[in-house]
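# Results of the structural survey
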Amino acid sequence: MSGQYFENNPGLKHDIHEYSLSMNGNTFRFLTDSGVFSRNFFDFGSKSLVEIFKPYEGAKSFLDLGCGYGPIGTIVKKTFPFLDVTLSDVNPRAVELAEQNLLKNGVLANVILSDGFNEINQSFDLILLNPPIRAGKQIVYSLYIESEKHLNPMGELWIVIQKKQGAESSVKFLKEHFKIVEIIDKNKGYFIIKNKKVV
Ligand SMILES: C[S@@+](CC[C@H](N)C(=O)[O-])C[C@H]1O[C@@H](n2cnc3c(N)ncnc32)[C@H](O)[C@@H]1O
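The rules we used
As a convention, each chain's residues are numbered from 1 in the sequence order in which they are written. Only residues with pLDDT of at least 70 get local features here, since the model is predicted, and only at 80 or more are side-chain atom pairs given and counted; chain-wide, interface and lining totals rely on the full set of residues. Side-chain numbers come from the whole structure's heavy atoms, not from hydrogens or water. Numbering of helices and strands runs from the N terminus; a helix is a DSSP stretch of H or I covering at least four residues, while a strand is a stretch of E covering at least two. Radius of gyration: over C-alpha atoms. The globule rule applied is 2.2 Å multiplied by the number of residues raised to the 0.38 power. Accessible area is worked out with a 1.4 Å probe on protein chains only. A residue is then buried under 20% of its type maximum, exposed over 50%, and partly exposed in between. By definition, residues are in contact when any of their heavy atoms lie within 4.5 Å. When DSSP finds at least two bridges between two strands, those strands are taken to pair. Between the N-to-C directions of two axes lies an angle of 0 to 180 degrees, each axis being a line fitted to C-alpha atoms and, for a helix, fitted only over the stretch in contact. Salt bridges are counted wherever a side-chain nitrogen of Lys or Arg sits within 4 Å of a carboxyl oxygen of Asp or Glu.

## Looking at the overall build of the chain
The helix and strand inventory of the chain stands at 5 helices and 9 strands. Reading the chain from its N terminus to its C terminus gives the helix and strand order β-β-α-β-α-β-α-β-β-α-β-α-β-β. Relative to its length of 199 residues, the chain is compact, with a C-alpha radius of gyration of 15 Å against a globular reference of 16 Å. Along the three orthogonal principal directions, the C-alpha set of the chain runs to about 45 × 35 × 35 Å. Taking all 199 residues of the chain together, 53% fall into the buried category. A sequence separation of at least 24 residues applies to 66% of the contacts in the chain between residues at least 6 apart.

As structure tokens, then:
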């Protein structure tokens, strides 16, 4: 991960910042704050993930897992309006920003404050994840496993992770839990990994 962030620290002094971004033919504006991931710019890994992401035919429900201030979910909903989009994060400040950023960019989606899937009681056709590397391997791998459990049959988990942050060992682990694991891109050391649940 390229940005410093601190989870669940409501006492942290606010430092609201706004930036704009053009992607997929749309211009977006995002509010960020201290205490959220990559607060000065759209993270390169997340950008690489969103640029290459395409929903499979028939996919309807989508989860931006660990949404931060909401750039992935906002861009995906704007680009693929037919998707029913949910965003979730464990960090209350991130969740509040995600709600504001959806409104700011004129898109409707559901936002949930949740540690992993604890507060999420539905399954999805698609889950996108830029994992919280700083939270540690145990949490990252449990998000992989829980994602598999919360995918519909034929559903897909798309992940971006840097080689130096353990992309190759993630691939090895994911192969134990998903029938199809595909590295669909390697962009400047960022692996985009698509995992398909086949039942
Ligand atoms: C690498 S950041 C990605 C943020 C955002 N998707 C983006 O692209 O800017 C990972 C996010 O995962 C969140 N996170 C960490 N642990 C989590 C958990 N147990 N459950 C849900 N989200 C978590 C962090 O708060 C952080 O926002």
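## Describing the sheet that holds strand β7 (residues 151–162)
Read across the open sheet, the 7 strands follow the order β5-β4-β3-β6-β7-β9-β8; overall the sheet is mixed. Sheet topology places β5 (110–113) and β8 (180–187) at the edges, where each strand pairs with a single neighbour. Across this sheet, the average inter-strand angle for adjacent strands is 15°, counted without regard to direction. The pairing of strand β3 (residues 61–65) with strand β6 (residues 124–129) spans 4 bridges and is classified as parallel. Residue pairing for β6: Leu-63 is matched across the bridge by Ile-127. Packed on one face of the sheet, helix α2 (residues 71–79) meets β3, β4 (84–89) and β6 and runs near 155° to β3.

## As for the pattern of salt bridges
With the rule as written, the count across this model stands at 9 salt bridges. Between Arg-29 and Glu-18 there is a salt bridge, with its nearest N and O atoms 2.5 Å apart. Taken together, the residues Arg-29 in strand β2 (residues 26–32) and Glu-18 in strand β1 (residues 17–23) connect sequence positions 11 residues apart. Arg-29 sits in the partly exposed class, given a relative accessible area of 39%. Several salt bridges share partner residues, and in doing so they unite Glu-18, Arg-29 and Lys-104 into one network.

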